[in-house]
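# Chain and residue survey
This is what each chain is made of:
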Amino acid sequence: MSSAVVVGCGVSGLSVGIRLLEAGISTEIWTREPAGATTSSVAAAFWYPYKALPESLVLSWAATTYEELMHLAFVADTGVAIRETLEFFTEPAADPWWSSAVPRFGRPQRSDLPSKYRDAYLFPSPVAEMPLYLGYLERRFRSMGGTIALRSLRSVPEAFDGHDIVVNCTGLGARELVGDTSMVPIRGQIVRVSQVGIDRMLLDLHGREGIAHVVPR
């Protein structure tokens, strides 16, 4: 029986661990920090496929992820919810390359847009409350027989000792683990405020004044 080590216990590490177990591969996660202390735990965490190549593969992955998260929105204690999403544009915009991944992709009426915007996308999107979602993933991973060890890895070959597969899900930690100096943190600003009845996710990713989003919890 094949065995695997997943390095990192954020959302990618836990998700990969679950998929490996589902494929019949004995899997353990090695992590320097528990899931609740990873960068994933403070992520805005909404579905949106950023442009990467090869586009055909990214579109397939995005569609599969969308379908899975939409399903989890109806499973108790996952922390996933479905939010109607508006993405605004100051100029007319063509349909996005990922629109086929969203069965109910559309556009609002121009009269419904704030005055500074000329176009928008309208679509349902899954949003995850990350501390809850990470807890769900960890419980699911452990219930399938996966194990999690708090340990630091000095080099990738160390993980191959006794394992057939090693998956690097260290995120920012890849800078140290594999010497990837192109991996750098980019700092944004997140303001958390009390929920006052906002039920739509609002995205302004193209404005001249910078990127902004409102993610209702």
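The rules we used
- Residues numbered from 1 in each chain as written.
- Predicted model: local features only at pLDDT ≥ 70, side-chain atom pairs only at ≥ 80, totals over all residues.
- Heavy atoms only, no water.
- Axes fitted to C-alpha atoms, helices over the stretch in contact; angles between N-to-C directions.
- Helix = DSSP H or I, 4+ residues; strand = E, 2+ residues; numbered from the N terminus.
- Parallel < 35°, antiparallel > 145°, perpendicular 65-115°, else oblique.
- Left-handed = near helix turned anticlockwise from the far one by under 90°.
- Contact = heavy atoms within 4.5 Å.
- Nonpolar A, V, L, I, M, F, W, Y, C, P; charged D, E, K, R; others polar.
- Phe/Tyr/Trp six-rings, centres within 6.5 Å; stacked < 30°, edge-to-face > 60°.
- Buried < 20%, exposed > 50% of the residue type's maximum accessible area, 1.4 Å probe, protein only.
- Lys NZ or Arg CZ within 6 Å of the ring centre and 35° of its normal.

## Remarks on the packing of helix α1 (residues 11-22) against helix α3 (residues 130-143)
Following both chains from N to C, one finds α1 and α3 inclined at 25°, their axes separated by 9 Å at the closest point. Taken together, α1 and α3 sit at an angle that is classed as roughly parallel. The handedness of the crossing between α1 and α3 comes out as left-handed. The segment α1 lies against α3, with Val11, Leu14, Ser15, Gly17, Ile18, Arg19, Leu21 and Glu22 engaging Met130, Tyr133, Leu134, Leu137, Glu138, Arg140 and Phe141. Residues of the contact of α1 with α3, tallied by class, amount to nine nonpolar, two polar and four charged.

## Re unusual backbone geometry
Leu53 connects to Pro54 through a cis peptide bond whose omega is 0°. For Pro54, the position within the fold is in the loop between β2 (26-31) and α2 (55-72). With a phi close to 65°, Ala45 is a non-glycine residue in the positive phi region. Position of Ala45 among the secondary structure elements: in the loop between β2 and α2. Of note in the backbone geometry, Asp77 takes a positive phi value of approximately 65° without being a glycine. Of note, Asp77 is situated in the loop between α2 and β3 (80-89).

## Topic: the packing of aromatic side chains
Under the counting rule described, the total for this entry stands at 12 aromatic pairs. Note on Trp98 and Tyr121: the rings are 6.1 Å apart at their centroids and 90° apart in plane angle, and the pair reads as edge-to-face. Of the two residues, Trp98 is situated in the loop between β3 and β4 (119-128) and Tyr121 in strand β4; the sequence distance between them amounts to 23 residues. Exposure remark for Tyr121: the relative accessible area of 5% places this residue in the buried category. An aromatic cluster is present here, built from Trp47, Tyr48, Tyr50, Tyr66, Phe89, Trp98, Phe105, Tyr121 and Phe123 joined pairwise through their rings. The residue whose ring lies beneath Arg151 is Trp30, and the NZ or CZ to ring-centre distance is 3.7 Å.

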